[in-house]
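# Working through the structure, step by step
Listed below are the residues making up each chain.
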Amino acid sequence: ATYRTLGDVLKYEGQYDEGLQLLEKARVITETLLGPEHPEVAAILRKEVDAYSMKRDGAAALALGRRVLALLQKSLPPGHLQIAQTHTNLSEALGMLGRYEEALAEEQKALPTYERVFGPESENVGVSNTNIGYALLQLGRYDEARQHLMRANEIYAKTLPRDCPDVAEPLLRLGQLELKQHRAREAIRPLERALALRQNDRDPTEMLADVELALAHALDGAGVDHRRAQTLAGRARDQWAAAGGRP
């Protein structure tokens with residue numbers, strides 16, 4: 001239990017490798033004491049999947065996530081919330097790997113459970129619609145993507161505070177959708193709103209750089225405020241460079 005707790009704490013502190021080492025120790029001990037198919041093993045594996053996802057290691061998250069799903073399907077009834085959450089974990093991992101068709105299929109399996117368990121207007125359903133919309137966007141299925149992203153935006157307007165940073169994600173994806181369809185001017189409004197939300201976040205994530213870069217493209221494409229567009233693009237590149245990620 002101590003390894004598991006400490007591993008979880010380190011994960012959330014950004015010490016992914018150290019946290020994963022402790023979580024693996026906890027899992028090995030649990031497997032020895034309770035057997036490799038015990039639900040507690042699946043619970044620890046899910047924490048490992050979370051850590052690999054936070055570390056942006058899609059391949060490792062996918063491999064462990066599939067093992068979690070197999071264990072849960074043996075011990076839980078179809079449509080159980082933990083199974084749905086694991087489908088979402090798999091969707092996220094597949095998205096990191098650029099496998100958007102598979103990511104879409106996994107999230108579509110999860111959405112009905114979220115609607116049943118939490119209600120059709122819940123934050124969880126908003127998140128799932130955002131995930132589906134983003135996968136559809138990457139697949140070039142723009143009309144379907146817009147439907148899901150607008151649905152997520154409507155749900156967040158009802159369930160989250162107006163200034164909640166989480167509201168930014170469907171707005172970012174809607175802005176990216178407008179850019180994909182060569183409507184730079186239409187992309188500016190949702191991206192400006194997303195930027196304001198992410199700039200006020202006490203714990204900014206890589207999404208801030210995504211918003212800044214998308215807004216830079218929108219401003220430049222619309223022929224509006226080129227100097228600000230250059231500043232935003234430079235800031236986004238600097239953030240990615242500092243994080244060791246994409247520019």
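Not measured: the values here are computed from a predicted model.

On to the overall build of the chain, then. Counting its regular elements, the chain contains 12 helices and 0 strands. Written out in order from the N terminus, the α and β elements of the chain read α-α-α-α-α-α-α-α-α-α-α-α. Taken against the 2.2 N^0.38 rule, which gives 18 Å for 247 residues, the C-alpha radius of gyration of the chain at 19 Å falls within 12% of a compact globule. Summarising its shape, the C-alpha atoms of the chain cover approximately 65 × 40 × 30 Å along the three principal directions. Here the chain holds 247 residues, and 45% of them are scored as buried. At a minimum sequence separation of 6, the contacts of the chain that also span at least 24 residues come to 54%. Of the roughly 12,700 Å² that the chain leaves accessible, carbon and sulfur atoms contribute 50%. Within the chain, the 36 negative side-chain charges are centred at a point lying 2 Å from the centre of the 32 positive side-chain charges.

As a further point, take the packing of helix α9 (residues 168-180) against helix α10 (residues 184-199). α10 packs onto α9 with a crossing angle of 155° between their chain directions and a minimal axis gap of 8 Å. When the interaxial angle is binned, α9 and α10 end up roughly antiparallel. Along this stretch, α9 crosses α10, giving a crossing that reads as left-handed. Counted together, Ala168, Leu171, Leu172, Gly175, Glu178 and Leu179 of α9 and Ala184, Glu186, Ala187, Pro190, Leu191, Arg193, Ala194, Leu197 and Arg198 of α10 form the full contact between these two elements. Here the residues of the contact of α9 with α10 are counted per class, giving 10 nonpolar, 1 polar and 4 charged.

Locating Ala26 in the fold gives a position in helix α2 (residues 16-34). For Ala26, a relative accessible area of 6% corresponds to the buried category. When the C-alpha atoms of Ala26 and Gly7 are compared, they prove to be 8.7 Å apart, with 19 residues separating the residues in sequence. Setting aside anything within four residues of it in sequence, one finds Ala26 in contact with Tyr3, Arg4 and Ile44.

With that out of the way, let us pick up the packing of aromatic side chains. Describing an aromatic ring pair means giving the distance of the ring centres and the angle of the ring planes. With the rule as written, the count across this model stands at 2 aromatic pairs. For the ring pair Tyr100 and Tyr134, a centre distance of 6.1 Å and an interplane angle of 90° mean the geometry is edge-to-face. Pair noted here: Tyr100 is in helix α6 (residues 100-118) and Tyr134 is in helix α7 (residues 123-138), with a separation of 34 residues, a long-range link. With a relative accessible area of 23%, Tyr134 lands in the partly exposed category.

Calculation rules
Along each chain, residues carry numbers from 1 onward, in the same order as the chain's sequence is written. With pLDDT at 70 or above as the cut-off, local features in this predicted model cover only qualifying residues; side-chain atom pairs require 80 or more to be listed or tallied, and sums for whole chains, interfaces and linings still use all residues. Just so you know, side-chain values use all the structure's heavy atoms and leave hydrogens and water out. Runs of E in the DSSP output that reach at least two residues are strands. Runs of H or I that reach at least four are helices, and both are numbered from the N terminus. Radius of gyration: C-alpha atoms only; globule rule: 2.2 Å multiplied by the number of residues to the exponent 0.38. Using a 1.4 Å probe on the protein chains alone, a residue whose accessible area is under 20% of its type maximum counts as buried, one over 50% counts as exposed, and one in between counts as partly exposed. Any two residues whose heavy atoms approach within 4.5 Å at even a single point are treated as in contact. Per-residue accessibility takes into account occlusion by the displayed protein chains alone, with areas from the Shrake-Rupley method and a 1.4 Å probe. All tallies of charge rest on Lys and Arg as positive and Asp and Glu as negative; His and the ends of each chain are not included. In this description, the location of a charge corresponds to atom NZ of lysine, CZ of arginine, CG of aspartate or CD of glutamate. Axes here refer to lines fitted to C-alpha atoms; in helices the fit is confined to the stretch in contact. Angles between the N-to-C directions go from 0 to 180 degrees. Any angle that falls under 35 degrees is termed roughly parallel, while one over 145 is termed roughly antiparallel, one within 65 to 115 roughly perpendicular, and all others oblique. For any helix crossing, the convention is left-handed if the near helix is rotated counterclockwise from the far helix by under a right angle, and right-handed if that rotation is clockwise. For this scheme, ten residues count as nonpolar: Ala, Val, Leu, Ile, Met, Phe, Trp, Tyr, Cys and Pro. Four count as charged, namely Asp, Glu, Lys and Arg, and the remainder, Gly too, count as polar. Each pair of aromatic rings taken from Phe, Tyr and Trp, with Trp reduced to its six-membered ring, is defined by centres within 6.5 Å and is described as stacked if the planes are under 30 degrees apart, edge-to-face if over 60, and tilted in the remaining cases.

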